[in-house]
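# Reading the structure
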Amino acid sequence: MSNILITELKNQGPGDILGAIGGETDIDPGIIGNIDINGSRALIEVNNGKAEELATQLNGKKVDHSRVSVRNIEEEDFKDIETIYGYVDRFKQLVELERKEEMREHEESIRTLSGQQREAEGKAILHLRGRDEGNALEGKLVKFMRQHKGEPLPETEIAVGDLVMISRRDPLLSDNPTGTVVQKTNYSITVAFDQPRSFIFDKGLRMDLYVNDITYQRMKDALTRVEEATGRLADLRNIIVGLRSPEEPEKAEVDKWFNKELNESQKEAVAHSLGAEDVHLIHGPPGTGKTTTVIEVIEQAVANGQKVLATAASNIAVDNMLDFLLDRGVKAVRVGHPARVTPQLQNHTLDSLIEENDQYRKSEELRAQAFEKKEEQEKFPHPSGKYRRGMSNTKIKELAEEGRGSRGVSEDKIQEMARWIELQNKIEELFEEADQLREEAVNEILETKQVICTTNSTAGSELMENREFDLVVIDEATQSTEPSCLIPITRAKKVVMAGDHRQLPPTVKNRKAADKGLEDTLFERLAEKHSDIKNMLDVQYRMHENIMAFSNKQFYDGILSANESVKEYTLEDFQLDINLFDNNLTEILDPREPVIFVDTAGRDAAERTKQGSTSKENPEEALLVAKMADNLLRSGVQPEDIAVISPYKDQVDLLDRKIDTENLETKSVDGFQGREKEVVIISLTRSNKNGNIGFLEDVRRLNVSLTRAKRKLIMVGDSSTVSSHEVYADFIDYVREKGRVIEL
């Protein structure tokens, strides 16, 4: 008994498959055994040694209305195939759950809130008019302004780089156009569209902050590529799904270090990354120079003549790598929407570089000609409906040449339709030639660069299609879902990932998807299964050793050490005027003491939940934190050196209103991951009689909180509530021993 595999089915059954075998091949359907259909695939038993012949004859033919791919499968491969398909199907389902959740949240907001309410929340702008601003590489540019000239736009969350939807009457219509914000002023927002609709140049328009659906599609496309992989990608795929183990990395010999400041653990990580055959992991706890290490890996690979793709989940992380690489003299380019790139790096984007390319300029000239002809074309009737009357384009042109009408259509109308067709043919030719020149320009630029930097999602864009890289480096890999990481991995011969799975995982909105594994990262899964492909960085350069020590013991097995340059960091170096501290805050703000826990258990500082919210806030705690921030500022700490963070969005909003100081950041703990400040004040918020701490139970959130501060860490919370969790209780005990607990 042999087997064949049929793919690309669309709801066909066993009868359809047997019918296709009987109708499309000369093989007797009677030799077919069991037919096992799973979604778009079917595994089929074939007797009499005819599997190879049947696969050859049926491949590319139609089963019912679906053109299918067919190949012969060895019996021992069955189990592997089921593993691969099981992996792909599972993650496609999880991605779809997450996509639907994001769409649901968006539509729910539009459905339940009026346009005025969404505008007040900063998620929509009403009463707009659109004006054509021409074309750019990003697409068709349209500037949106208030209908009344000179009226400023309202306060809004909509920012450069965001995806927005334009509607006229119903914001829930499926064909409302979406585009990317490329410029924002107090009076206008300019948006780039791939496929605009004519009504966007009218009045009475509404702009909504929208869901970026293309990222989900790219994840699904990557999963399909993984499923159908051959060659090198198939090798990597088999490691990812667990069909084989990665080759144990041999430590490469490095003749010359580009960064002379690397410590031994960083050099070890670089050498093993370079020596790896398949995949290598760099585990970088807070402040250990993970990105610095990654940059050295890239520089070494480039020096060895390798082409590198460097990615991360967020634009900020990608820009950070690009900035490092440019400083090191590496020929790097940023691919992605220029609106999402920091201004100082704009000149190093593909969009900026291509403006100087001759081929691209020719492409734009042809595109402009095509649009001129489209404008001319609008003067003539489209040959459809009542005018076409079954006539082909060829027939219409013949009639025009003969100077006569037909089927009740006048000669004049025939001439006009023929002109429309003539213009359409020319427009298509111009666009085709423009696209070809544009592609040549893109290739010309990308081929001259040693490193291409993109987000994980953009690695799946058309610009990156059919490109393969000797090395793909994914930074912040533990903040990327597995399908997100697969997008750049499908372009790789070898993969190096850097991250810290002891900090927060990627944000997953759909609880079912998170529970079924979308929140679990590829980095963590491989690190736990293959410890031999991981290096951990062990020297941190961020914080005082007492700020580091608890997380070091709790999350990193005591491996970390503080570099001499930071181990005794305190606010004493800032020479603050402590006489300006309020008397009741002097002990808390003491510049000599780096770790403080302010206990509100003896104070009336209960948490509360706002109506209609699932978040928490604590007004008394917010007031206390605001006073601390004010005292620090008054004594000489600069606003940009302070961060106030909380696990809860409503508490962050409350703190933001109470502090209201420019350049002093108030952020959620999750939003502050990867960041650092000289002083960090943490408002835990939870205070209740039941010891309920909600999602503070995920102690990775505590780890992130504790490792942001360089010189002073102040945590404010109710010990009687948070000590219901042993790790928080242990932290308070640690502060009693190594820092200072202040009971209010």
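Residues numbered from 1 in each chain as written. Predicted model: local features only at pLDDT ≥ 70, side-chain atom pairs only at ≥ 80, totals over all residues. Heavy atoms only, no water.

## Some thoughts on the overall build of the chain
Within the chain, the secondary structure is distributed over 23 helices and 27 strands. For the C-alpha atoms alone, the extent of the chain along its principal axes is close to 100 × 75 × 55 Å. Buried residues in the chain amount to 53% of all 744 residues. Taking all contacts inside the chain whose residues are at least 6 apart in sequence as the whole, residues at least 24 apart take part in 71%. (Helix = DSSP H or I, 4+ residues; strand = E, 2+ residues; numbered from the N terminus. Buried < 20%, exposed > 50% of the residue type's maximum accessible area, 1.4 Å probe, protein only. Contact = heavy atoms within 4.5 Å.)

## Description of the sheet that holds strand β17 (residues 471-474)
Spatial ordering of the open sheet is given by β15-β16-β14-β17-β18-β13-β19, a layout of 7 strands whose pairing is parallel. The sheet is open, and its two borders are formed by β15 (332-334) and β19 (534-536), each paired with just one other strand. Taken over all neighbouring pairs, the strand axes of this sheet differ in orientation by 20 degrees on average, direction set aside. In this structure, strand β14 (residues 308-312) lies alongside strand β16 (residues 451-455), joined through 5 bridges in parallel fashion. Bridging from a neighbouring strand, V308 pairs with V451 of β16. Sitting on the sheet, helix α9 (residues 315-327) is in contact with β14, β15 and β16, with an inclination near 155 degrees to β15. (Pairing = 2+ DSSP bridges. Axes fitted to C-alpha atoms, helices over the stretch in contact; angles between N-to-C directions.)

## A short note on the layout of surface pockets
In this structure, the second largest pocket spans a volume of roughly 280 Å³. In terms of lining, the second largest pocket is formed by 13 residues, of which the most central are S40, R41, D89, K92 and E227. At the level of secondary structure, the elements contributing two or more residues to the lining of the second largest pocket comprise α3 (78-112) and α5 (214-227). Looking at which element gives the most residues to the lining of the second largest pocket, the answer is α3, with 4 residues. The class makeup of the residues in the lining of the second largest pocket is no nonpolar, 6 polar and 7 charged. (1 Å grid on protein atoms, 1.4 Å probe; cavity = no way out; pocket = protein on both sides within 12 Å on 5 of 7 lines; lining within 4 Å. Points joined across faces, edges and corners; volume = space filled by probe spheres on them. Nonpolar A, V, L, I, M, F, W, Y, C, P; charged D, E, K, R; others polar.)

## Quick notes on the domain arrangement of the chain
Once the domains are mapped, the chain shows domain 1 (2-73), domain 2 (116-211), domain 3 (217-331 + 450-537), domain 4 (358-440) and domain 5 (545-743). The centre of domain 1, based on its C-alpha atoms, is set 44 Å off from the matching centre of domain 4. (Domains from an automatic or database assignment.)

## Some points on empty space enclosed by the protein
Evaluation of the coordinates by the stated rule reveals 1 cavity of 30 Å³ or more. By volume, the largest cavity amounts to about 50 Å³. Around the largest cavity, the lining residues are L236, I240, V279, I489, V495, M497, L522 and L526. Secondary structure elements with two or more residues in the lining of the largest cavity: α6 (231-241), β18 (495-499) and α16 (522-529).

## Some points on the packing of α3 against helix α14 (residues 482-489)
Where α3 meets α14, the axes come as close as 10 Å, and the angle between the chain directions of the two elements is 115 degrees. For the pair α3 and α14, contact is made by Y87, F91 and V95 and by E482, P483 and L486, respectively. Residues belonging to the contact of α3 with α14 are distributed by class as follows: 5 nonpolar, no polar and 1 charged.

## Comments concerning the pattern of salt bridges
Tallied over the entire structure, the rule returns 62 salt bridges. Here D208 and R118 are joined by a salt bridge, their closest N and O atoms 2.8 Å apart. Placement of D208 in strand β12 (residues 205-209) and of R118 in helix α4 (residues 115-120) is noted, with a sequence separation of 90 residues between them. Judged by relative accessible area, which is 2%, R118 ranks as buried. (Salt bridge = Lys/Arg side-chain N within 4 Å of Asp/Glu carboxyl O.)

## Things to note about the pairing of strand β25 (residues 677-683)
The buried fraction of β25 amounts to 7 of the 7 residues, a majority that puts the element mostly inside the structure. Bridge count for strand β23 (residues 642-646) against β25 is 4 bridges, and the pairing is parallel. Paired with A643 across the strands is V680, a residue of β25. As paired strands, β25 and strand β26 (residues 709-717) are joined by 6 bridges and run parallel to one another. Looking at β26, one finds that I682 is bridged to M715. In this fold, β25 hands off to helix α21 (residues 699-706), which returns the chain to β26; that crossover is right-handed. (Right-handed = clockwise from strand over helix to strand, strands pointing away.)

## Some details on the sheet that holds strand β6 (residues 69-73)
The strand order across the open sheet built from 4 strands is β2-β3-β1-β6, with neighbouring strands paired in antiparallel fashion. Bordering the open sheet on either side are β2 (32-38) and β6, each of which pairs with just one other strand. Along the sheet, successive strands turn relative to each other by an average axial angle of 20 degrees, direction set aside. Bridging between strand β1 (residues 2-7) and strand β3 (residues 41-46) involves 5 bridges; their strand directions are antiparallel. Looking at the pairing, L5 lines up with L43 of β3. Each of β1, β2 and β3 touches helix α1 (residues 14-24); the most contacted strand, β2, lies at about 130 degrees to it. Helix-sheet contacts for α3 involve β1, β2, β3 and β6, and the interaxial angle to β3 is about 170 degrees.

## Describing the environment of Q300
Residue position: Q300 is located in helix α8 (residues 290-303). Each C-alpha atom, one on Q300 and one on A271, is 9.4 Å from the other, the two residues being 29 residues apart in sequence. Sequence-distant contacts of Q300, that is, excluding residues within four places in its chain, are made with V254, K256, W257, F258, V270 and L274. Polar side-chain contacts of Q300 include one of 2.8 Å to the side chain of E296. (Polar contact = N/O pair within 3.5 Å; in protein donor to acceptor, adjacent residues only side chain to side chain.)

## As for unusual backbone geometry
One non-glycine residue, D64, lies in positive phi territory at about 60 degrees. If you trace the backbone, D64 turns up in the loop between β4 (62-63) and β5 (66-67). On the basis of relative accessible area, D64 is assigned to the partly exposed category, the value being 43%. One non-glycine residue with positive phi stands out, namely Q575, at about 50 degrees. Turning to its location among the elements, Q575 is positioned in the loop between β21 (561-562) and α18 (586-589).

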